Amino acid sequence: MAKSSSIYIGEAKMALAGKWQSALVACSVAIMVAMIPTFAEHFISQLTGHVNPGEYQTYEEYRKALTSSNISDSTYETLVMVINVVWTLLFAVPVMLACLVGIRQMHIEGKSPVDEMISYIRTDRKELYRQIWNAMVKTLRLCVIPLALYVVFTMLQKFVDDYYAAERYESLASLSKMVFMIMLIYKSMEYIFISYVKKDNPDLEDEDVLSNSETLVKGNKLVVCKIAVRAALPIIPIVIGLFILFFFLAIGAMFGSIFVALFNDKMDLYSIFDYVGPVWYYVYVAIKVLILAYVLSRFLMACSVLYSELTNYAPKSSEDTDKEEPKDEQEKSEEENKGNDNAPEDIKLEPEIPYEQRYMPR
């Protein structure tokens with residue numbers, strides 16, 4: 001029987017004590033791998049000639065650049081969506097499952113999570129892709145109807161000429177997409193333990209791995225959702241504090257830019273923001289990655305604690321580890337001598353001298 005989500009979060013915090021740096025590094029690597037399509041979208045926009053409205057000061061300039069673009073908005077969105085899906089399946093999901101294994105091994109054996117991630121991807125890469133494919137097929141079987149409706153309504157929206165009909169199709173497509181995402185998340189939760197099960201049972205068949213994960217999660221989906229919510233709760237005051245900080249910094253940067261623009265004839269206000277903007281963007285990305293890594297570390301460690309609870313697995317203590325370590329010859333001889341010192345007093349190592357001969361003069 002699963003415990004309360006607050007207990008799992010508390011045990012996860014105790015397990016992460018003194019190991020936060022390793023956990024944050026591992027989770028940051030997984031998050032940055034998943035975010036690569038977001039960074040690549042800018043380069044795709046440059047290569048395809050796609051137009052970003054925020055880059056132009058007037059609507060006329062935007063329309064002029066749009067007519068000279070090499071690719072339409074719908075084609076560009078489709079291209080970006082395909083790249084995101086392919087990258088997620090081939091790289092983001094495997095690295096995230098490897099991060100699960102890394103955090104788990106750090107929890108039960110104290111190993112480096114990054115090293116365990118790399119080792120797991122190198123040794124079990126083919127099996128990992130096979131498990132992801134099987135889980136995806138079983139998940140899409142449940143979500144195929146809302147997915148098909150989303151595709152149909154999206155296509156009707158693109159090809160219909162009536163404005164009001166296009167708006168209705170767009171609303172139906174958004175509703176179908178929302179239902180698809182809810183069902184996808186609900187079904188994907190059943191396979192959160194597949195990397196754990198495969199790591200503990202390397203000879204188990206793929207179908208048995210999926211069924212074991214489904215059995216473990218069955219009846220505990222609400223606990224997993226509560227763990228995710230509790231893992232993200234501490235970032236609310238952090239985000240509010242950072243918002244206030246960035247607000248005052250942005251106000252100060254704006255007044256500073258205006259001051260520089262007034263006293264420098266060669267630099268206008270827009271060119272100053274062109275210099276300052278990228279710096280703020282990279283600072284924002286770095287803070288975002290760290291916050292997500294903090295939440296992910298708490299969540300993955302709590303999932304490891306939950307898995308130990310469901311499988312009745314008890315991590316080895318330091319005393320048990322010391323007992324199982326082989327002892328060298330010096331430690332063995334010291335233990336033998338220690339045992340001899342504690343020998344009972346009735347054991348005589350020298351022959352007994354008769355009483356009459358003890359005090360006879362020599």
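To keep things clear, this report deals only with the structure shown in the data block.

Parameters and conventions
- Residues numbered from 1 in each chain as written.
- Predicted model: local features only at pLDDT ≥ 70, side-chain atom pairs only at ≥ 80, totals over all residues.
- Heavy atoms only, no water.
- Helix = DSSP H or I, 4+ residues; strand = E, 2+ residues; numbered from the N terminus.
- Contact = heavy atoms within 4.5 Å.
- 1 Å grid on protein atoms, 1.4 Å probe; cavity = no way out; pocket = protein on both sides within 12 Å on 5 of 7 lines; lining within 4 Å.
- Points joined across faces, edges and corners; volume = space filled by probe spheres on them.
- Axes fitted to C-alpha atoms, helices over the stretch in contact; angles between N-to-C directions.
- Parallel < 35°, antiparallel > 145°, perpendicular 65-115°, else oblique.
- Nonpolar A, V, L, I, M, F, W, Y, C, P; charged D, E, K, R; others polar.
- Expected span 1.5 Å × (residues − 1).
- Bend = angle between axes of the 7 residues up to and from the residue.
- Buried < 20%, exposed > 50% of the residue type's maximum accessible area, 1.4 Å probe, protein only.

## What about the side chain of Ser 304?
- Take Ser 304: it is sitting in helix H13 (residues 269–310).
- Once residues lying within four places of it in the same chain are set aside, the contact partners of Ser 304 are Arg 104, His 107 and Tyr 196.

## Quick word on the layout of surface pockets
- Here the largest pocket is characterised by a volume of approximately 1,800 Å³.
- Thr 88, Val 93, Leu 184, Ile 185 and Ser 188 are the residues nearest the centre of the largest pocket, which is lined by 40 residues in total.
- Contributions of two or more residues to the lining of the largest pocket are made by helix H5 (73–109), helix H7 (125–159), helix H8 (163–188), helix H11 (221–232) and H13.
- Of the residues forming the lining of the largest pocket, the biggest block, 11 residues, is contributed by H5.

## Regarding the packing of helix H6 (residues 113–123) against H7
- Following both chains from N to C, one finds H6 and H7 inclined at 80°, their axes separated by 4 Å at the closest point. It follows from the interaxial angle that H6 and H7 lie roughly perpendicular. Residue-level inspection shows Tyr 120, Ile 121, Arg 122 and Thr 123 of H6 in contact with H7, the latter providing Arg 125, Leu 128 and Gln 131.
- In terms of residue class, the contact of H6 with H7 is built from 3 nonpolar, 2 polar and 2 charged.

## Quick word on H7
- Along its 35 residues, H7 runs just 42 Å from first to last C-alpha, ending more than 12% under the 51 Å computed at 1.5 Å per residue.
- Most pronounced at Cys 143, the bend in H7 amounts to some 65°, and the proline Pro 146 follows within four residues.
- When H7 is considered as a whole, its buried residues turn out to be Leu 128, Gln 131, Ile 132, Ala 135, Thr 139, Cys 143, Pro 146 and Phe 153.

## Considerations on empty space enclosed by the protein
- One pass over the full model with this rule turns up 2 cavities of 30 Å³ or more.
- Estimates place the volume of the largest cavity at around 40 Å³.
- Every residue along the wall of the largest cavity is listed here: Val 101, Arg 104, Gln 105, Tyr 196, Lys 199, Asp 200 and Tyr 307.
- Among the elements of the structure, H5 and helix H9 (194–200) are those that each provide at least two residues to the lining of the largest cavity.
- Here the lining of the largest cavity is built from residues that sort into 3 nonpolar, 1 polar and 3 charged.

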